Amino acid sequence: MERKEFRDLATPEEAREAIDSLSLEGGVERVSLADARGRVLVARLDAELDVPGFDRASLDGYALRARDTFGADEAEPARLTIVGEVHAGETPDVEVVEGEAVEISTGAVMPQGADAMVPVERTDRVERGSTDETNGDAAGTEGDDVLIRTSVAPGDNVMFAGADVAAGERALGPGTRITPRDIGLLSALGIDEVPVRAPPTVGIVSTGDELVRPGDDVDSDRGEIYDVNSYTIAAGVEDAGGEAVLYPHAGDDQDEMERVLRVAADECDLVLSSGSTSASAVDVIYRVIEEQGELLLHGVAVKPGKPMLVGRLQNSAYVGLPGYPVSAMMVFRTFVAPAIREAAGLPEPKAATVEGRMARQERYGEGRLRLMPVGLMEDADGETLVYPVDKGSGATTTLAEADGVVAVDPGTDYLDEGEPVTARLFSSDVRPPTLLGVGEDDPTLNRLLDRLENPRYLSIGSRPGLRRLREGVPDVAVVAGPIDRDPGATELGRWEREWGLVVPAGNPAEIEGLADLADRELRFVNRTTDSGLRTSLGRAVADFADERGTDRRDLVDAIDGFELGLRAHESPARTVIDGDADAGLGLRATADRLDLGFVPIGVQSVRVLANPDRVEKRGVAELERTLESVQTDGRSGVESA
């Protein structure tokens, strides 16, 4: 038998390129939420409902009309009549009118007519008609009044529908490896099945007449040894995110070796063999690959691991590892495991603890140990920055957006910008996003983010986005509508979107514009003041007031629902769909997607502004290149590439 000689060894870079040229992907499958942990999403998941799906009380106390508390304080409390009670999980059967209050539990549905609630600590219960301001019988309801010792504004101590996650909002993006906190978010959204990458199946074949499976008897006189590689490589495959399949041991006979390899190639995305790859005349596996497939390289300039094989066998990728266990595992970890991780969509593993610097100052002086949820990011020089992530204890997305926890000692008053901190990660495979963005929620932006490698975007609105950009934390801020002052940022790109009133299909109320909202008894639902849409609407209302020769405040008061807004761009439209509003502030793109009517008011620019110190960062440059491919139709910001 002719001996194979290693004449021209491939470089490690060439070996990686050869393996990268192989297709290891296992395809796509749908799995239940119970089986989703650790799997990788292949498509964006948007929220199809608001979380919470109702306005709920944030504390135990009393639901009431905020205006009934104006001017109330400890010295002169407001006195209201208790007309009922609502507990969590109950449907309110009472409506609050002027001078009334309803006892309410944490998490309970706010009753009709109530727009705020007061915590029980700021109240006293008294018998109706009495002048005694001491606590009354806490067990009773009817016949009691409550003294309100503080004033509240509309919305105080209330978590409105969609305040945690809003319908239409980008929940998780493609490439997300699902963690337990992500499963919590998906559960809250009612999602029970997700599309994920199927793990690459990896067939493992050990060759050599000298090998014996553990558990069998070994004959040392014949030079037999236990098969170490099959099990260690299988464990490495599983650790890298693949699905290992062990095949029967193949000896040095070429026909038997070919049979086992062909079976494995029929059933797996990648076949790994160990042994029979060297230049010895009896090591014949390379001949099998040459005759039955395609041999891309044989021999790599690396120690240990020189006799590595890379090729194709039928429709499967193939890599031949050296027979010595140390050499086999070194080659596997260096060349094969990264390719399996990439095919499975998994990042390279990192340590469970990360040292970084605070991205901005964080004040704290409550005298208690603080477990501060934090996110990780990198600056333009690749140094790890740590920033606080905290949307409140009732918000599921706090954990979904955090990478780990920084423990802040009780005696610490603040963490200064640039101060070194240690973050304990939720998972050892956490990696910083390639891009951290904040700002406006926008459908075109969601499609842009889908094209990026590993972005993280926090939909906090235009105004907070600008504020955080000035503080120097995010890489970019996405801002819609007018900007009152120079943000001191670098504009990467922009697009236009048409905004106006989203109405039911066919526009049954025949709404034509702002005049209808002001002059007719129509229910309107707005966006929050953080939104760029709200800013543009405010300016349009001011201009309309000037045209009418009336005060802007009077016009705002005439629009039912103007002051209370919802957070995400689809939330008002969803309210219209539910029949709870006649019109909502929104985008034409949203109306078109949800088959609703639309009354145009204006066109708004959406700008992507970058931190000047991060323009050269890889993720920012990738976003800028992606923005160059966006074209709009002049109305809704519909993307075409």
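Residues numbered from 1 in each chain as written. Predicted model: local features only at pLDDT ≥ 70, side-chain atom pairs only at ≥ 80, totals over all residues. Heavy atoms only, no water.

Another point: the overall build of the chain. Regarding its fold elements, the chain presents 15 helices and 35 strands. Taken across its 641 residues, the chain has 52% of its residues classed as buried. In the chain, the proportion of contacts linking residues at least 24 apart, taken out of those at least 6 apart, comes to 72%. Summing over all exposed atoms, the chain offers an accessible surface of approximately 29,000 Å²; the carbon and sulfur share of this is 44%. (Helix = DSSP H or I, 4+ residues; strand = E, 2+ residues; numbered from the N terminus. Buried < 20%, exposed > 50% of the residue type's maximum accessible area, 1.4 Å probe, protein only. Contact = heavy atoms within 4.5 Å. Areas by Shrake-Rupley, 256 points an atom, 1.4 Å probe, with all protein chains shown as cover.)

Glancing now at empty space enclosed by the protein. Counted according to the given criterion, the structure contains one cavity of 30 Å³ or more. By volume, the largest cavity is sized at about 30 Å³. Along its surface, the largest cavity is lined by Arg 360, Tyr 387, Pro 388, Arg 468 and Val 473. Residues belonging to the lining of the largest cavity are distributed by class as follows: three nonpolar, no polar and two charged. (1 Å grid on protein atoms, 1.4 Å probe; cavity = no way out; pocket = protein on both sides within 12 Å on 5 of 7 lines; lining within 4 Å. Points joined across faces, edges and corners; volume = space filled by probe spheres on them. Nonpolar A, V, L, I, M, F, W, Y, C, P; charged D, E, K, R; others polar.)

To continue, consider the nonpolar core. Among soluble globular proteins, nonpolar side chains are generally buried collectively. Counting 31 residues, the largest nonpolar core has Ile 233, Leu 270, Leu 272, Phe 332 and Val 336 as the members making the most contacts within it. Mapped by element, the contributors of at least two residues to this core are α1 (12-20), β13 (201-206), α3 (229-239), β17 (270-274), β20 (316-321) and α6 (325-344). Tallying contributions element by element places α6 first for this core, with ten residues. The residues touching Ile 233, leaving out its near neighbours within four places in the chain, are Ile 204, Leu 272, Ser 274, Leu 321, Ala 328, Met 329 and Phe 332. (Core = buried A, V, L, I, M, F, W, Y, C linked by side-chain atoms within 4.5 Å.)

Across all of its chains, the model carries zero aromatic pairs by this definition. Sitting over the ring of Tyr 414, Arg 363 keeps its end group 5.4 Å from the ring centre. (Phe/Tyr/Trp six-rings, centres within 6.5 Å; stacked < 30°, edge-to-face > 60°. Lys NZ or Arg CZ within 6 Å of the ring centre and 35° of its normal.)

This part takes up helix α11 (residues 532-548). Taking 1.5 Å of rise per residue, 17 residues should cover 24 Å, and α11 covers 25 Å from first to last C-alpha, within 8% of that figure. Residues Gly 532, Leu 533, Arg 534, Thr 535, Ser 536, Leu 537, Gly 538, Ala 540, Val 541, Phe 544 and Ala 545 constitute the buried set of α11. The residue sitting at the N-terminus of α11 and contributing the capping side-chain oxygen is Ser 531; that oxygen lies 3.0 Å from the backbone nitrogen of Leu 533. Positive phi shows up at Gly 549, right after α11, with a value of about 70 degrees. (Expected span 1.5 Å × (residues − 1). Polar contact = N/O pair within 3.5 Å; in protein donor to acceptor, adjacent residues only side chain to side chain.)

Let's shift gears to the environment of Ala 161. Mapped onto the fold, Ala 161 is located in the loop between β10 (158-159) and β11 (170-172). Classification of Ala 161 by relative accessible area gives buried; the value is 19%. Counting along the chain gives 405 residues from Ala 161 to Leu 566, while the straight-line C-alpha distance between them is 8.0 Å. Sequence-distant contacts of Ala 161, defined by excluding residues within four places in its chain, comprise Asp 50, Pro 52, Gly 53, Phe 54, Asp 55 and Leu 566.

In this section: the environment of Gly 365. Along the chain, Gly 365 turns up in the loop between β22 (362-363) and β23 (370-378). Taking the relative accessible area as the measure of exposure, Gly 365 reaches 60% and is therefore exposed. Taking C-alpha positions, Gly 365 is 6.6 Å from Thr 412, a pair spaced 47 residues apart along the chain. When neighbours within four sequence positions are excluded, Gly 365 is seen to be in contact with Thr 412 and Asp 413.

Before going further, it helps to spend a moment on the sheet that holds strand β6 (residues 100-104). Across a sheet, strands are paired by hydrogen bonds formed along the backbone, either parallel or antiparallel in direction. Strand order in the open sheet formed by six strands is β7-β4-β6-β5-β9-β8, with mixed pairing between adjacent strands. This sheet does not close on itself; its edge strands, each paired only once, are β7 (116-119) and β8 (123-127). In this sheet, adjacent strand axes meet at a mean angle of 40 degrees when their direction is disregarded. Judged from the five bridges that link them, β8 and strand β9 (residues 144-148) form a sheet pairing that is antiparallel. Note that in β9 the partner of Arg 125 across the bridge is Val 146. (Pairing = 2+ DSSP bridges. Axes fitted to C-alpha atoms, helices over the stretch in contact; angles between N-to-C directions.)

Remark: helix α4 (residues 254-267) packs on helix α5 (residues 285-292), axes separated minimally by 10 Å, with the N-to-C direction vectors making an angle of 60 degrees. Taken together, the axes of α4 and α5 lie oblique to each other. You can see that α4 and α5 cross each other, and the crossing is right-handed. Where α4 abuts α5, its residues Gln 254, Met 257, Glu 258, Leu 261 and Arg 262 lie against Ile 285, Val 288, Glu 291 and Gln 292. Of the residues in the contact of α4 with α5, the class split is four nonpolar, two polar and three charged. (Parallel < 35°, antiparallel > 145°, perpendicular 65-115°, else oblique. Left-handed = near helix turned anticlockwise from the far one by under 90°.)

Bringing the sheet that holds strand β29 (residues 455-459) into the picture now. Reading across from one edge, β29-β28-β30-β35-β31-β34-β32-β33 is the order of the eight strands in this open sheet, with mixed pairing throughout. Strands with a single pairing partner mark the edges of an open sheet, and in this sheet they are β29 and β33 (565-566). Bridge count between strand β28 (residues 435-439) and β29: five bridges; the pairing is parallel. Within the sheet, the bridge partner assigned to Gly 437 lies in β29 and is Tyr 457. Along the sheet face, helix α15 (residues 618-627) touches β28, β30 (476-480), β31 (490-503) and β35 (597-610) and points at about 55 degrees away from the line of β31.

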